[in-house]
Amino acid sequence: MRSSPRSPGPIADLLRPAILIAAALIALTTASLAIGSASLWGGDLGTGWLLAVSRFPRTAAALLAGAGLAVAGTVVQQAVQNRLVEPSLTGTTESAMLGLIAITLIAPGMSIGWKAALAAVAALAGTGGFLMLARRVPMQDPLLLPIVGLIYGGILSAMAIWLAWNADLMQLLGAWRLGEFSGIVQGRYELLWIIAALSLLLYTLADRLTLLGLGETQARSLGLNYTQTRLLALAVMSLIASLVTVTVGALPFVGLVAPNLISRWRGDNLRANLPFIAAGGGGLVLAADIAGRLIRYPYEIPAATVFSVFGAAIFLWLLHSVPARSHG
Amino acid sequence: MIKVEGLSKNAGAVEILKDLTLSIPPGGITALIGPNGAGKSSLLHCIAGLDRPTSGMVRIDGTDPFSCPDRERARHLAFLQQSQPVVPRLTVRDMVAFGRWPHHGGRPRPEDAEATEQALRAFELEDLSERPLEVLSGGQRQRALVAMTYAQATPWLLLDEPLNALDPRHAHDLMRRLNDLSHAADERSVVVVLHDINAAARWADRIIAMKDGRIAAEGLVAEVLTGEVLRDLYDTPFDVLVHGGRPLVVTV
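It should be emphasised that the depicted structure is a prediction, and the values quoted were computed from it without experimental measurement.

**With respect to the side chain of Ser88 of chain A**
Residues and elements named next belong to chain A.
Stage number 1. Within the element layout of this structure, Ser88 appears in the loop between helix H2 (47-80) and helix H3 (92-106).
Stage number 2. Taking relative accessible area as the criterion, Ser88 reaches 18% and is therefore assigned buried.
Stage number 3. Here the side chain of Ser88 touches Glu86 through a polar contact of 2.3 Å, side chain to side chain.
Stage number 4. Discounting chain neighbours no more than four positions away, the residues touching Ser88 are Thr93, Glu94, Pro252 and Phe253.

As structure tokens, then:
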């Protein structure tokens, strides 16, 4: 048997990082359950009631939204073979918002579940538009595609703002554009559990998603039904992005930062790493939410704002640090 | 046997392949040579079932690669594209193991792991197996990708300019390995696009020379690699010498 310092064996190789991530998630969850403007112990409200109605839903929502966006980011990165995109840089989130505004105008009384489903259709259509643009963008410069996505998303976003302005729905749009968890209580976040199911579905496709990232020619020559796999993965991605937008609002950078950090750490084999990406995204968003609760205690800063600052810093680091490579 | 009949391929108004008819018998190495833009890559893509021709017919051992399910086709024919636009962050072992995907579809069996290890050994990649592809040199990465197509264990192996990133030693090693496996007991048939005419002269069993989307010449090495054929093919004069019983081609 040959052994190298880089690979202490497949089990240990998975176990140590898994324990590390699990410990971080437990610590964050405990902190999130304990921290808030109302005291858990000795306050007017019962401890159990406060946990069940507010703290637990809020914690679960942050974990689920973060995990979902991280997995969604991975999907879209594999689908266009570019690590620097995520649902808010592919027009996905913006078309979901545009769809939501349109649905609110046409059928204001529709249930939130149906709204999310229809927003997902809009998001998928918007992503399809991005893919058509992406085909014309040369792959040699990976920075071009996110810039195209930014402009495309900006146009969709402007359309949403114009619609909302005319229909006096700016307040609603504002809530979707800035993700935060202070309003999350029991009965207002349960849709997000669908993300857990969708993430599991994507995990069953993990090998196929890795193959997608090899590009159409290589993936197809390895036997992947490329078109069908890509459509399914992007449909699931659009649904996740819409569910997060409709329940907590947009959380930019999550789908960019979590997959890239895990990819740098553990590589691109999604069979092994998709759970880490989900856990990483959930943990990062929960950390951002906790930080937002603490920075101006007892007032709150939206998690999206906190994450944008943190995410932008990591994004710049990702752009500037290129992994070592031997030439020849 | 690969059979191609009346194959044409247009890209917009440009005719890339013009009514090609050819057959490639199994076994050995068949080299596709010709000037840039001759249609070699396009022909290989059409044969591999990846690019639908405008008209005409392709059969791989009697099967139409375009009506065959993707995984079934990938168990019969492996294809390596000219260059990987984006290098995935996979270890060499993980990449080679993906060659087994058409066989197990996500549920690897012990024989898949064994085939992966055998491919790593066959291409002397054991020491690199835990290294990520992106830190390897171009030549090492190319070897890993060829090993992946080898692990696919297909009767047909189609390689589009595999010598591109390789220095003379690694190019020689790769062609020697392809030669070994194409003449081994579990006969793999190799079809390879080459720009290096002397690599074709040294290693190929048959050569198909293409120009302007048509076949300019085909046959055994000695039949195709003549001064006259090469001059017409590349519009440049060549001298054909003999070295070690094989043609050696030099530009005049």
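Alright, that's what it looks like, and here's the rest.
**Describing the side chain of Ser238 of chain A**
Stage number 1. Along the chain, the position of Ser238 of chain A falls in helix H10 (residues 226-247).
Stage number 2. Take Ser238 of chain A: its relative accessible area is 0%, and that puts it in the buried class.

**A short note on the pairing of strand E8 (residues 206-211) of chain B**
Residues and elements named next belong to chain B.
Stage number 1. Burial runs high along E8: five of the six residues are buried.
Stage number 2. Here strand E3 (residues 29-33) runs beside E8; their pairing, made up of four bridges, is parallel. The residue of E8 that forms the bridge with Ala31 is Ile207.
Stage number 3. Alignment of E8 against strand E9 (residues 214-220), held across six bridges, turns out to be antiparallel.

**Brief notes about the environment of Ala204 of chain B**
Residue and element names in this part refer to chain B.
Stage number 1. Examined against the element boundaries, Ala204 turns out to sit in the loop between helix H8 (197-203) and E8.
Stage number 2. Counting along the chain gives 12 residues from Ala204 to Val192, while the straight-line C-alpha distance between them is 9.0 Å.
Stage number 3. Sequence-distant contacts of Ala204, defined by excluding residues within four places in its chain, comprise Ile29, Ala31, Ala199, Val221 and Arg246.

**Looking at the interface of chain B and chain A**
Much of the literature gives interface size as the accessible area that the parts lose upon coming together.
Stage number 1. Chain B puts 41 residues into the contact, and the matching count from chain A is 32 residues.
Stage number 2. Regarding the contact of chain B and chain A, the summed buried area is about 3,000 Å², with carbon and sulfur atoms giving 49% of it.
Stage number 3. Put simply, chain B and chain A have 10 residue pairs in polar contact (both at pLDDT 80 or more) between them.
Stage number 4. Looking at the side of chain B that touches chain A, the elements that each hand over two or more residues are helix H2 (70-74), strand E5 (77-80), helix H3 (92-97), helix H4 (101-104) and helix H6 (138-151) of chain B.
Stage number 5. Class assignment of the residues belonging to the side of chain B that touches chain A gives a composition of 18 nonpolar, 13 polar and 10 charged.

**Overview of the confidence of the model for chain B**
Stage number 1. Predicted confidence across chain B gives a mean pLDDT of 93, with 100% of residues reaching 70 or more.
Stage number 2. Model confidence for the complex is summarised by a pTM of 0.90, with the ipTM given as 0.91.

**Side note on the sheet that holds strand E4 (residues 55-60) of chain B**
Residue and element names in this part refer to chain B.
Stage number 1. Read across the sheet, three strands follow the order E2-E1-E4 without closing on themselves; strand pairing throughout is antiparallel. Looking along the sheet, the strands with just one partner apiece sit at the ends: strand E2 (14-24) and E4. Taken over all neighbouring pairs, the strand axes of this sheet differ in orientation by 20 degrees on average, direction set aside.
Stage number 2. Pairing of strand E1 (residues 2-11) with E4 involves five bridges; the strand directions are antiparallel. Each residue of the ladder has a partner; that of Glu5, found in E4, is Met57.
Stage number 3. Against the sheet, helix H1 (residues 40-47) makes contact with E1, E2 and E4, and its axis sits at roughly 60 degrees relative to E2, the strand it touches most.

**Observations concerning the packing of aromatic side chains**
Residue and element names in this part refer to chain A.
Stage number 1. As enumerated under the stated definition, the model contains seven aromatic pairs over all chains in all.
Stage number 2. Each ring, one from Phe253 and one from Phe315, has its centre 6.1 Å from the other, and the planes form 50 degrees; the classification is tilted. Placement of the pair is Phe253 in the loop between H10 and helix H11 (254-266) and Phe315 in helix H13 (residues 303-320), with a sequence separation of 62 residues.
Stage number 3. Residue Phe315 is classed as buried on the basis of its relative accessible area, which comes to 17%.
Stage number 4. Between the NZ or CZ atom of Arg264 and the centre of the ring of Trp317, over which it lies, the distance is 5.3 Å.

**Remarks on the confidence of the model for chain A**
All names here are of chain A.
Stage number 1. Taken over all residues, the pLDDT of chain A has a mean of 89, while the share at 70 or more is 93%.
Stage number 2. At the low end of the mean pLDDT range in chain A sits H13, at 87; at the high end sits helix H7 (residues 193-204), at 96.
Stage number 3. In this model, residues 1-8 is a region of pLDDT below 50 whose contacts with residues beyond four sequence positions or in other chains number eight contacts.

**Things to note about H3 of chain A**
All names here are of chain A.
Stage number 1. Helix length check: H3, at 15 residues, gives a terminal C-alpha distance of 21 Å against a target of 21 Å (1.5 Å per residue), a fit within 8%.
Stage number 2. Most of H3 is tucked away, with 12 of its 15 residues classed as buried.
Stage number 3. Every buried residue of H3 is accounted for by Thr92, Thr93, Glu94, Ser95, Ala96, Met97, Leu98, Gly99, Leu100, Ile101, Ile103 and Thr104.

**Focus on the UniProt feature "domain: ABC transporter" (unreviewed entry) in chain B**
Stage number 1. Mapped onto the present numbering, the UniProt feature "domain: ABC transporter" (unreviewed entry) falls at residues 2-237 of chain B.
Stage number 2. With 36% helix and 25% strand, residues 2-237 of chain B has its two end C-alpha atoms placed 32 Å apart.

**Some details on the UniProt feature "transmembrane region" (unreviewed entry) in chain A**
All names here are of chain A.
Stage number 1. Mapped onto the present numbering, the UniProt feature "transmembrane region" (unreviewed entry) falls at residues 58-76, 88-106, 112-131, 143-165, 191-211, 231-254, 274-292 and 299-319.
Stage number 2. Measuring from the first to the last C-alpha atom of residues 58-76 gives 27 Å, for a span that is 100% helix and 0% strand.
Stage number 3. End C-alpha atoms of residues 88-106 are separated by 25 Å, and the span's content is 79% helix alongside 0% strand.

**Quick notes on H13 of chain A**
Residue and element names in this part refer to chain A.
Stage number 1. An ideal rise of 1.5 Å per residue puts 26 Å on 18 residues; H13 measures up with 26 Å between its terminal C-alpha atoms.
Stage number 2. All buried positions along H13 are accounted for by Ala303, Ala304, Val306, Phe307, Gly311, Ile314, Phe315 and Leu318.
Stage number 3. On the buried face of H13, the contacting elements are H11 and helix H12 (270-294).

**Focus: the sheet that holds strand E6 (residues 156-160) of chain B**
Residue and element names in this part refer to chain B.
Stage number 1. Spatial ordering of the open sheet is given by E5-E6-E7-E3-E8-E9, a layout of six strands whose pairing is mixed. The sheet terminates laterally at E5 and E9, the two strands that pair on one side only. This sheet shows a mean twist of 15 degrees between the axes of neighbouring strands, independent of strand direction.
Stage number 2. Here E5 pairs with E6 via four bridges, running parallel. Each residue of the ladder has a partner; that of Leu80, found in E6, is Leu159.
Stage number 3. Contacting E3, E5, E6, strand E7 (189-193) and E8, H1 runs over the sheet at an angle of about 150 degrees to E6.
Stage number 4. The strands touched by helix H10 (residues 227-234) within the sheet are E3, E8 and E9, with E8 carrying the most contacts at an inclination of about 35 degrees.

Definitions and limits used
Residues numbered from 1 in each chain as written. Chains lettered and ligands numbered in written order. Predicted model: local features only at pLDDT ≥ 70, side-chain atom pairs only at ≥ 80, totals over all residues. Heavy atoms only, no water. Helix = DSSP H or I, 4+ residues; strand = E, 2+ residues; numbered from the N terminus. Buried < 20%, exposed > 50% of the residue type's maximum accessible area, 1.4 Å probe, protein only. Polar contact = N/O pair within 3.5 Å; in protein donor to acceptor, adjacent residues only side chain to side chain. Contact = heavy atoms within 4.5 Å. Pairing = 2+ DSSP bridges. Buried area = accessible area lost by both parts, 1.4 Å probe. Nonpolar A, V, L, I, M, F, W, Y, C, P; charged D, E, K, R; others polar. pLDDT = per-residue confidence, 0-100. Axes fitted to C-alpha atoms, helices over the stretch in contact; angles between N-to-C directions. Phe/Tyr/Trp six-rings, centres within 6.5 Å; stacked < 30°, edge-to-face > 60°. Lys NZ or Arg CZ within 6 Å of the ring centre and 35° of its normal. Expected span 1.5 Å × (residues − 1). UniProt positions renumbered as here; feature names shortened; annotations may be inferred.

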